[in-house]
Amino acid sequence: MSSLQRTPLHGVHLELGARMVPFAGFDMPVQYRSIKQEHAAVREGVGLFDVSHMGQLHFSGPGAVAAVERLVSCRVTSLRVGRVRYGLLCNEEGGVVDDVTVYRTADDALFLCVNASNVEKDYRWCVRHCGDDTEVRNHSAETALLALQGPGSEALVAALTDLDVGALRRFRFAESELGGLPVTVSRTGYTGSDGFELYLAGAGAVELWKMLCDRGAVPCGLGARDTLRLEAALPLYGHELDDTTSPLEAGLARFVKLDEGGFLGAEAIRERAAKGPTRQLVGFEMVGRGIARADYPIALEGRPVGVVTSGAPSPTLGKSIGLGYVPPSLAGLGSRFDVMVRDRPIEAQVVETPFV
Amino acid sequence: MQEGRWAVAEYDIRAELRYSREDEWVRAEGDRVTVGVSDYAQQQLGDVVFVELPEVGRTVDAGEPFGVIESVKTVADLYAPVSGEVVEVNDVLAETPEAVNEDCYGDGWMIVIATSDASEVEALLDVEAYKQHIKERADQDH
């Protein structure tokens, strides 16, 4: 445990009495008081997450835009400065190296926000696939990232900045100052609620955190982050996505430029699509009494047919929900199958996503 | 229990009870042994959302799982601290699992075992030994 990395806010989490767990090599807060209360703060008010463990890979130079266009599944050349897109880094077999957000910071510069567990892998992958006309730098260690999420976020950010926050629409970002600190203010998030992701130098993280909490933001841990993103049916790398999953099976076709030639893995993804998918990610709710959890088998009439990738009781809905891979024949809305909860079949039903 | 630790936390560990190394508490009255989970356990778990308990009449051996407790985030087994027959079950927890968080030594009780071997209670941890057990695990994490 002594080898775990710490974010600039580590001391703050300890002061707040957070319960800390190892996550992606970092010592991170899983909850402060109660996952349910933190979850409700984001759905009804405003919650604040330290997600400084996430990585930022910066691309610059005359070849940067073309290089990132080849690397990610979403369109990049058409992405205007100040806008963000979600996309996937894929390998030559069409599996997912990581899911990322792409920020266009200038005509010839971008950065990718990547999962903490994949920073080194992504960095090596990107360097390997960029030419001499593109510089790739890993800014993860010196960058802090705070996610301010919930319907109350806009008013809170607006109170600290001259930026016209109301005009900053979803998936846009701007350089600004918050309480005198230089911050990249991005209207994005991973909760399914409105909110902002705030990038800044690590040295200012504690000051910004305290400013936001003093104005009513509720500290939230990774536990609530997980239940929130699950209700929003947002995939989590290592669960819904990994080096072997196809983005199409994961239901992410709208983030994949399949009609065009060029990004790494596109050909394999097209081939797999032409053959027809062998499995499909679905959202389900439990019909019987029981809670689905990641890695529980999905069965039909006693035969294993799939697997749960994420599952939890939904604090908003008061029911147990989950995501999982099933054969296409079971992927339709209303389809029923069993989730094997401690070797007992508990009935579940495919429902629309997002769940809330 | 789930891995992890509270950086700063105070636990309500009661002197009149005995504890298992798996964080169950027991209250012995004659051969009737009431079992629940400790304040440390409920804090580690967080919001409890599901408790699965055995049927009355089942025989359990000390150290054997008798049920399951689930929080929003985690699933944990419940272990019988002593051997015997389950003679009462707190059915209310099926509808109000949050009682484990709110009152783990009272309304959050789980089962009563008619013990076949009273010496098993004596072999459990007393309050000081259990506090030490909690502290050792916290130290291991650091």
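All values derive from a computational prediction rather than experimental measurement.

### Regarding the overall build of chain A
Then step 1. Looking only at helices and strands, chain A has 8 helices and 19 strands in total.
Then step 2. Against the globule reference of 21 Å for 356 residues, chain A gives a C-alpha radius of gyration of 20 Å, in line with a compact fold.
Then step 3. In terms of overall dimensions, chain A has C-alpha extents of about 60 × 50 × 45 Å along its principal axes.
Then step 4. Looking at chain A as a whole, 58% of its 356 residues qualify as buried.
Then step 5. A separation of at least 24 residues holds for 64% of the contacts in chain A among residues at least 6 apart in sequence.

### A few points about the sheet that holds strand E4 (residues 55–60) of chain A
All names here are of chain A.
Then step 1. In space, the 5 strands of this open sheet follow the order E5-E6-E7-E4-E8, with antiparallel pairing throughout. Unpaired on one side and paired on the other, strand E5 (84–90) and strand E8 (135–138) mark the two borders of the sheet. Across the sheet, the mean angle separating the axes of adjacent strands is 30° when strand polarity is ignored.
Then step 2. In terms of strand pairing, strand E6 (residues 96–106) meets strand E7 (residues 109–114) through 5 bridges, oriented antiparallel. Each residue of the ladder has a partner; that of Val 102, found in E7, is Leu 112.
Then step 3. Helix H4 (residues 119–128) contacts E4, E5, E6, E7 and E8 of the sheet and is inclined by roughly 170° relative to E8.

### Topic: the nonpolar core
The tendency in soluble globular proteins is for nonpolar side chains to be buried side by side.
Then step 1. The biggest cluster of nonpolar side chains holds 29 residues, and the ones touching the most others in it are Leu 146, Leu 148, Leu 198, Leu 208 and Leu 212 of chain A.
Then step 2. Element by element, the count of residues in this core is highest for helix H6 (residues 205–214) of chain A, at 5 residues.

### Details of the domain arrangement of chain A
Residues and elements named next belong to chain A.
Then step 1. What the domain assignment reports for chain A is domain 1 (10–53 + 142–231), domain 2 (55–129) and domain 3 (278–351).
Then step 2. Between the C-alpha centres of domain 1 and domain 2 the distance comes to 23 Å.
Then step 3. Contact residues are listed per partner, giving 11 residues for domain 1 and 13 residues for domain 2.
Then step 4. Between domain 1 and domain 2, roughly 1,100 Å² of surface is buried when both sides are summed, and carbon and sulfur atoms account for 61% of that area.
Then step 5. If you sort the residues of domain 1 by the area they bury against domain 2, Phe 171, Phe 173 and Tyr 199 come out on top, with a joint share of 51%.
Then step 6. Our enumeration of links across domain 1 and domain 2 arrives at 0 salt bridges.
Then step 7. If you look at where domain 1 meets domain 2, you find 5 residue pairs in polar contact (both at pLDDT 80 or more).

### Thoughts on the interface of chain A and chain B
Then step 1. Each partner contributes residues to the interface: chain A has 26 residues there, and chain B has 25 residues.
Then step 2. Taken together, both faces of the contact between chain A and chain B bury some 2,200 Å²; the carbon and sulfur share is 50%.
Then step 3. Looking only at chain A, the three residues that lose the most surface to chain B are Arg 19, Arg 289 and Arg 342 of chain A, adding up to 29% of its buried area.
Then step 4. For the pair chain A and chain B, the interface holds 5 salt bridges.
Then step 5. On the surface where chain A and chain B come into contact, there are 12 residue pairs in polar contact (both at pLDDT 80 or more).
Then step 6. Only strand E1 (19–23), strand E2 (26–31), helix H2 (35–44), helix H7 (222–231) and strand E16 (303–313) of chain A provide two or more residues apiece to the side of chain A that touches chain B.
Then step 7. For the side of chain A that touches chain B, the per-class residue count stands at 12 nonpolar, 6 polar and 8 charged.

### Some points on the sheet that holds strand E18 (residues 336–341) of chain A
Residue and element names in this part refer to chain A.
Then step 1. Reading around the barrel, the 6 strands line up as E14-E17-E16-E15-E18-E19 and close back on themselves, with antiparallel pairing between neighbours. Taking each pair of neighbouring strands and ignoring which way they run, the sheet shows an average axis angle of 45°.
Then step 2. Pairing between strand E15 (residues 297–300) and E16: 4 bridges, direction antiparallel. Bridged to Pro 297 within E16 is Val 307.
Then step 3. Contacts from H7 reach E16 and strand E17 (320–326), with the element oriented near 120° to E16.

### A short note on the side chain of Glu 24 of chain B
Residue and element names in this part refer to chain B.
Then step 1. For Glu 24, the position within the fold is in strand E3 (residues 24–29).
Then step 2. Salt bridges are absent for the buried Glu 24, whose nearest opposite-charge side chain, Arg 137, sits at 9.0 Å.
Then step 3. Within the structure, the side chain of Glu 24 is placed 2.6 Å from the side chain of Ser 20, a separation counted as a polar contact.
Then step 4. There is a polar contact of 2.9 Å between the side chain of Glu 24 and the backbone nitrogen of Tyr 79.
Then step 5. If we skip the residues at most four places from it in the chain, Glu 24 touches Arg 18, Tyr 19, Val 35, Gly 36, Val 37, Asp 77, Leu 78, Tyr 79 and Pro 81.

What counts and how
- Residues numbered from 1 in each chain as written.
- Chains lettered and ligands numbered in written order.
- Predicted model: local features only at pLDDT ≥ 70, side-chain atom pairs only at ≥ 80, totals over all residues.
- Heavy atoms only, no water.
- Helix = DSSP H or I, 4+ residues; strand = E, 2+ residues; numbered from the N terminus.
- Rg over C-alpha atoms; globule rule 2.2 N^0.38 Å.
- Buried < 20%, exposed > 50% of the residue type's maximum accessible area, 1.4 Å probe, protein only.
- Contact = heavy atoms within 4.5 Å.
- Pairing = 2+ DSSP bridges.
- Axes fitted to C-alpha atoms, helices over the stretch in contact; angles between N-to-C directions.
- Core = buried A, V, L, I, M, F, W, Y, C linked by side-chain atoms within 4.5 Å.
- Domains from an automatic or database assignment.
- Buried area = accessible area lost by both parts, 1.4 Å probe.
- Salt bridge = Lys/Arg side-chain N within 4 Å of Asp/Glu carboxyl O.
- Polar contact = N/O pair within 3.5 Å; in protein donor to acceptor, adjacent residues only side chain to side chain.
- Nonpolar A, V, L, I, M, F, W, Y, C, P; charged D, E, K, R; others polar.
- Lys, Arg positive; Asp, Glu negative; His and termini not counted.

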